[in-house]
Amino acid sequence: MDLIKECFEENGGALTEQLKAAGFSGDQAGQFLPEAASGIIDSAQGMNIAEITSQLVSDGPSQFLSAVNVNAIAEKLGMSSDLVTKGLAAIAPVLSQAFAQKGDGLLGAASSMAPGILKRFS
């Protein structure tokens, strides 16, 4: 999902800072973020932007992130599952905010185009 990649790319600094605040080293954060993005992308397969945004913002990021395969990420990185879970929890607020902003922008763009589209067909 390009949207998830975009959120990670655009908010890389904030995500790294959150991880450092949670006890990750700079190197660990740098290794963690691509794997976390990949894990989140895998867990979001079959979901649209509205569903992802709803789960991250309304239903709480912990529910959405609980679908991420923590053990697979931990194994790839040579980290404990607890550290991966701690990292996901640390980045969740930044991701929630980024998804909310992206979702609002996409939904706003779609709704602003809708009247023109509807008018064309009437």
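Data block above holds the structure.
Residues numbered from 1 in each chain as written. Predicted model: local features only at pLDDT ≥ 70, side-chain atom pairs only at ≥ 80, totals over all residues. Heavy atoms only, no water.

Participant: Hey, could you go over the overall build of the protein chain for me, with residue numbers and the actual values?
Facilitator: Assigned secondary structure in the protein chain consists of 7 helices and 0 strands. The secondary structure elements of the protein chain, listed N-terminal to C-terminal, are α-α-α-α-α-α-α. Expressed as a percentage of the 122 residues in the protein chain, the buried residues total 38%. Across the protein chain, the fraction of contacts at a sequence separation of at least 24, relative to all contacts at a separation of at least 6, is 73%. As displayed, the protein chain offers around 6,800 Å² of accessible surface, 53% of which is attributable to carbon and sulfur atoms. (Helix = DSSP H or I, 4+ residues; strand = E, 2+ residues; numbered from the N terminus. Buried < 20%, exposed > 50% of the residue type's maximum accessible area, 1.4 Å probe, protein only. Contact = heavy atoms within 4.5 Å. Areas by Shrake-Rupley, 256 points an atom, 1.4 Å probe, with all protein chains shown as cover.)

Participant: Now, about the packing of helix α2 (residues 12-21) against helix α3 (residues 26-43): what can you tell me, with residues and values included?
Facilitator: Between α2 and α3, the shortest axis-to-axis distance is 9 Å and the interhelical angle comes to 125°. Taken together, the axes of α2 and α3 lie oblique to each other. When the axes of α2 and α3 are compared, the crossing they make is right-handed. The residues of α3 that touch α2, namely those facing G12, L15, T16, L19 and K20, are G26, A29, F32 and L33. A per-class count over the contact of α2 with α3 returns 5 nonpolar, 3 polar and 1 charged. (Axes fitted to C-alpha atoms, helices over the stretch in contact; angles between N-to-C directions. Parallel < 35°, antiparallel > 145°, perpendicular 65-115°, else oblique. Left-handed = near helix turned anticlockwise from the far one by under 90°. Nonpolar A, V, L, I, M, F, W, Y, C, P; charged D, E, K, R; others polar.)

Nothing here speaks to function; it is geometry throughout.
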